[in-house]
Amino acid sequence: MIIALAAIASAIFMGINIGGNNAAAAMGPAYGARARTKKQAVILIAIFSLLGALISGEEVIRTLGEGIIPGNTITITAAIIATSAAAISLFIGNILKVPISASQSAVGAIVGIGIFYGILDTQLLSEIVGWWIATPILAFVLAYLSGKYIHPRMVVWLVEHESEAQIRSTIGKLLTVTGCYVAYSAGANNAANAVGPLVGAGFVDATTGAVIGGLTLGIGAIVIGGRVLQTVGTDIAEICTIRAIFIEVIVAIIVHVASHYGIPVALGQLVPAAVIGIGCANKGMATMKNRMVRRIVVMWVISPLVAGLMAYTAISLVS
């Protein structure tokens, strides 16, 4: 009974911190562009994160549950340790108001467990790391090109063909659609980070795990999501509404494609990378608040290492 309660508690704690950090980051561009209030942003995140987890989340749940480490080797104790270690790493990011990657923390913790047992699917792990390297670069490049070449032409077209009221209405609707798509993609990809090890240990099935992950992501977005919204929306670069649309579309598509292939990608990297890319297209590197950017990059490197070390140490002590 105590073990079961500990397992549920670890999943809830992880899910809430994911919702507060990475899922909330999904609405950062629109919040920074003042297209949505903080309350509107977190409510939309809560709803669409749950939908994404339920409809498209099972592939990534299976990857984290039984892909990196064979599922039948994960004990419920190891699953609790992996989930808790990743959650603590994310919690630190939330305290510091830095958007770090739930996927990297979760994978780092699972790798720590795998190293202890001496069982890892290194080929799958290499593939995941490759996605982690490629996707933020892709997000940066696409955002830069969009901001440099598509954005100016779109602004000219809108000014020539629409009234100011029509432009404002159109942009508001687009931001709502794209932001919800990002939240959906975040739920599809990040629910696994909360429940993957528990599914691998046989504590819950993939469908139940998706429900738990989606609900806790939504709760986290509502309860603590505002802190990271502030960082992504206003503390990296200035964002206008049309640029926010580009950022959200780019990130949502990348995350959705990764979820289809069962790859846990770093949403906490993709959103800031796209924000930086479009900021560079706008006014160059001088517009970047370099102290915050450096802080984010450092946390990207540290978080999986910290989670892995904590998981390895903990499983060593209890085994």
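Structural data are supplied above this passage.
Described in the following lines is the structure provided in the data block. (Residues numbered from 1 in each chain as written. Predicted model: local features only at pLDDT ≥ 70, side-chain atom pairs only at ≥ 80, totals over all residues. Heavy atoms only, no water.)

**Details of helix α7 (residues 122-161)**
With 40 residues, α7 extends 54 Å from end C-alpha to end C-alpha; this agrees with the ideal 58 Å at 1.5 Å per step. Maximum bend of α7: about 40 degrees, positioned at I150, with proline P152 one to four residues after it. By the burial criterion, the buried members of α7 are L124, L125, I128, W132, T135, P136, A139, A143, S146, G147, H151 and L158. On the buried face of α7, the contacting elements are α4 (58-66), α6 (102-117), α8 (164-200), α10 (241-260) and α11 (267-283). (Helix = DSSP H or I, 4+ residues; strand = E, 2+ residues; numbered from the N terminus. Expected span 1.5 Å × (residues − 1). Bend = angle between axes of the 7 residues up to and from the residue. Buried < 20%, exposed > 50% of the residue type's maximum accessible area, 1.4 Å probe, protein only. Contact = heavy atoms within 4.5 Å.)

**What to know about the nonpolar core**
One finds M14, I68, I113 and V251 to be the most contacted residues of the largest nonpolar core, which totals 72 residues. It is α10 that provides the largest number of residues to this core, a total of 11 residues. (Core = buried A, V, L, I, M, F, W, Y, C linked by side-chain atoms within 4.5 Å.)

**With respect to empty space enclosed by the protein**
Using a probe with the size of a water molecule, rolled over the atoms, empty space left in the structure can be pinpointed. Throughout the structure, instances matching the rule amount to one cavity of 30 Å³ or more. Taken as a whole, the largest cavity holds about 30 Å³ of empty space. A7, I8, A11, V195, L198, F203, V204 and I212 are the residues that line the largest cavity. A per-element tally of the lining of the largest cavity places helix α1 (residues 2-25) first, with three residues. Partitioning the lining of the largest cavity into residue classes produces eight nonpolar, no polar and no charged. (1 Å grid on protein atoms, 1.4 Å probe; cavity = no way out; pocket = protein on both sides within 12 Å on 5 of 7 lines; lining within 4 Å. Points joined across faces, edges and corners; volume = space filled by probe spheres on them. Nonpolar A, V, L, I, M, F, W, Y, C, P; charged D, E, K, R; others polar.)

**Concerning the packing of aromatic side chains**
Throughout the structure, instances matching the rule amount to four aromatic pairs. Ring geometry for W131 versus Y261: centroids 6.3 Å apart, planes at 45 degrees, classification tilted. With a gap of 130 residues between them, W131 in helix α7 and Y261 in the loop between α10 and α11 connect regions that are remote in the sequence. Overall, W131 belongs to the partly exposed group, its relative accessible area being 22%. Residue Y261 is classed as exposed on the basis of its relative accessible area of 57%. Ring geometry for F140 versus Y144: centroids 6.4 Å apart, planes at 15 degrees, classification stacked. Residue F140 and its partner Y144 are located together in helix α7, separated by four residues, close to a single helical turn. According to the relative accessible area criterion, Y144 is partly exposed, its value standing at 28%. Cluster of aromatic residues (ring-pair linked, three or more members): F116, Y117 and Y312. (Phe/Tyr/Trp six-rings, centres within 6.5 Å; stacked < 30°, edge-to-face > 60°.)

**Focus on the pattern of salt bridges**
The full count for this structure, using the stated rule, is two salt bridges. Across the pair E58 and R62 runs a salt bridge, and its minimum N-O distance is 3.2 Å. You can see E58 and its partner R62 sitting in helix α4, four residues apart, about one turn around the helix. You can call R62 partly exposed: its relative accessible area is 36%. When salt bridges that share partners are traced, they join E58, E59 and R62 into one network. (Salt bridge = Lys/Arg side-chain N within 4 Å of Asp/Glu carboxyl O.)

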